[in-house]
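# Chains, contacts and geometry: an overview
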Amino acid sequence: MIDQASLEFSELTRSQLPALHLLQNLGYIYLSPREALALRGGRADAVLLESVLLDWLARNNEIQYNGQRYPFSEANIHTAVQVLKETLSIGLLRTNESIFDLLSLGKSLPQSVNGNLKSFSLRYIDWEHPEKNVYHVSEEFAVERRGSHETRRPDLVLFVNGIPFGVIECK
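To start, this report covers the structure provided alongside it. Just so it is clear, the structure is predicted and the values come from calculations on it, not from any experiment.

Tallying secondary structure elements over the protein gives five helices and 10 strands in all. Dimensions of the protein, computed from C-alpha atoms along their principal axes, come out at roughly 70 × 40 × 25 Å. Per-residue burial over the protein gives 36% buried out of 171 residues. Long-range pairs, those at least 24 residues apart, make up 54% of the contacts in the protein with a sequence separation of at least 6. Working note: accessible area of the protein is about 10600 Å², and carbon and sulfur atoms make up 54% of it.

Time to look at the sheet that holds strand 1 (residues 29-31). Overall, mixed pairing links the four strands, which are arranged 1-6-9-10 in an open sheet. On the outer flanks of this sheet lie strand 1 and strand 10 (163-168), each paired with one strand and no other. If you compare each strand with its neighbour and ignore which way they point, the axes differ by 30° on average. Bridge count between strand 6 (residues 135-139) and strand 9 (residues 156-160): five bridges; the pairing is antiparallel. In the sheet register, Glu139 faces strand 9, and the bridge partner there is Leu156.

As a further point, take the side chain of Arg40. Secondary-structure assignment places Arg40 in the loop between helix 2 (33-39) and helix 3 (50-60). We note that Arg40 is buried and unpaired, the nearest opposite charge coming from Asp45 at a distance of 6.7 Å. Separated by 2.8 Å, the side chain of Arg40 and the backbone oxygen of Ala44 make a polar contact. Ignoring anything within four residues of it in the chain, the contact list for Arg40 reads Asp45, Ala46, Val47, Leu48, Leu49, Phe141, Ala142 and Val143.

Moving on, we get to the nonpolar core. One finds Leu53, Leu57, Phe72, Leu84, Leu122, Tyr124 and Ile163 to be the most contacted residues of the largest nonpolar core, which totals 25 residues. Sorting the residues of this core by element identifies helix 3, strand 2 (62-65), helix 4 (74-87), helix 5 (92-105), strand 4 (107-113) and strand 5 (116-122) as the ones contributing at least two each. Per element, the largest residue contribution to this core is five residues, and it comes from helix 4. Tyr124 has contacts with Leu53, Trp56, Leu57, Ala80, Val83, Leu84, Leu102, Leu103, Gly106, Lys107, Asn161 and Ile163, leaving out every residue within four places of it along the chain. By size, the runner-up hydrophobic cluster in this structure holds eight residues, among which are Leu23, Val137, Leu156 and Leu158.

In this section: the packing of aromatic side chains. Evaluated as defined, the whole model comprises four aromatic pairs. Taken together, a centroid distance of 6.1 Å and an interplanar angle of 85° make the contact between Tyr65 and Phe120 edge-to-face. Of the two residues, Tyr65 sits in strand 2 while Phe120 sits in strand 5, which places them 55 residues apart along the sequence. Summarising the aromatic geometry, the rings of Phe141 and Phe159 are spaced 5.3 Å apart at their centres and angled 65° between planes, so their arrangement reads as edge-to-face. Pair noted here: Phe141 is in the loop between strand 6 and strand 7 (143-144) and Phe159 is in strand 9, with a separation of 18 residues, a long-range link.

Cut-offs and rules
Residues numbered from 1 in each chain as written. Predicted model: local features only at pLDDT ≥ 70, side-chain atom pairs only at ≥ 80, totals over all residues. Heavy atoms only, no water. Helix = DSSP H or I, 4+ residues; strand = E, 2+ residues; numbered from the N terminus. Buried < 20%, exposed > 50% of the residue type's maximum accessible area, 1.4 Å probe, protein only. Contact = heavy atoms within 4.5 Å. Areas by Shrake-Rupley, 256 points an atom, 1.4 Å probe, with all protein chains shown as cover. Pairing = 2+ DSSP bridges. Axes fitted to C-alpha atoms, helices over the stretch in contact; angles between N-to-C directions. Lys, Arg positive; Asp, Glu negative; His and termini not counted. Salt bridge = Lys/Arg side-chain N within 4 Å of Asp/Glu carboxyl O. Polar contact = N/O pair within 3.5 Å; in protein donor to acceptor, adjacent residues only side chain to side chain. Core = buried A, V, L, I, M, F, W, Y, C linked by side-chain atoms within 4.5 Å. Phe/Tyr/Trp six-rings, centres within 6.5 Å; stacked < 30°, edge-to-face > 60°.

The values reported here are purely geometric and, on their own, carry no functional implication.
Okay, here's the thing in structure tokens:
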């Protein structure tokens with residue numbers, strides 16, 4: 001019979017910790033499970049590091065109009081986050097398609113600039129300058145299923161600008 005304690009010790013020391021060290025060497029910022037939960041507003045059913053995303057969107061998006069630069073409104077920044085959150089609950093296939101479109105193309109949002117109402121594109125990821133993105137990694141990232149208290153806990157979750165981008169299971 002396999003001793004569960006030695007199996008966990010082996011997984012942690014042989015794959016999870018080396019993976020964490022590698023990711024940190026690549027520039028990922030480590031978040032403990034407690035820190036990650038706090039950045040999710042203390043909600044185990046949330047997957048976005050919302051405060052990280054809000055901050056990144058505000059700092060890295062601007063409107064260029066008639067040779068001038070303007071920030072997106074705070075309301076538009078919150079709308080962009082809300083659109084992403086709502087997209088996470090429309091079914092697997094539609095969610096994947098919608099998230100792909102949002103992350104690759106951005107979101108067009110109306111905003112008034114100098115009295116002119118126009119739509120401007122806000123981006124979630126800076127694909128042209130990846131060094132401007134913010135990268136985090138967290139371990140044992142417990143996520144509660146909607147409508148239940150059942151949780152899933154991937155070994156490692158990779159985030160770009162507060163958006164979960166990858167899951168690594170260390171077996």
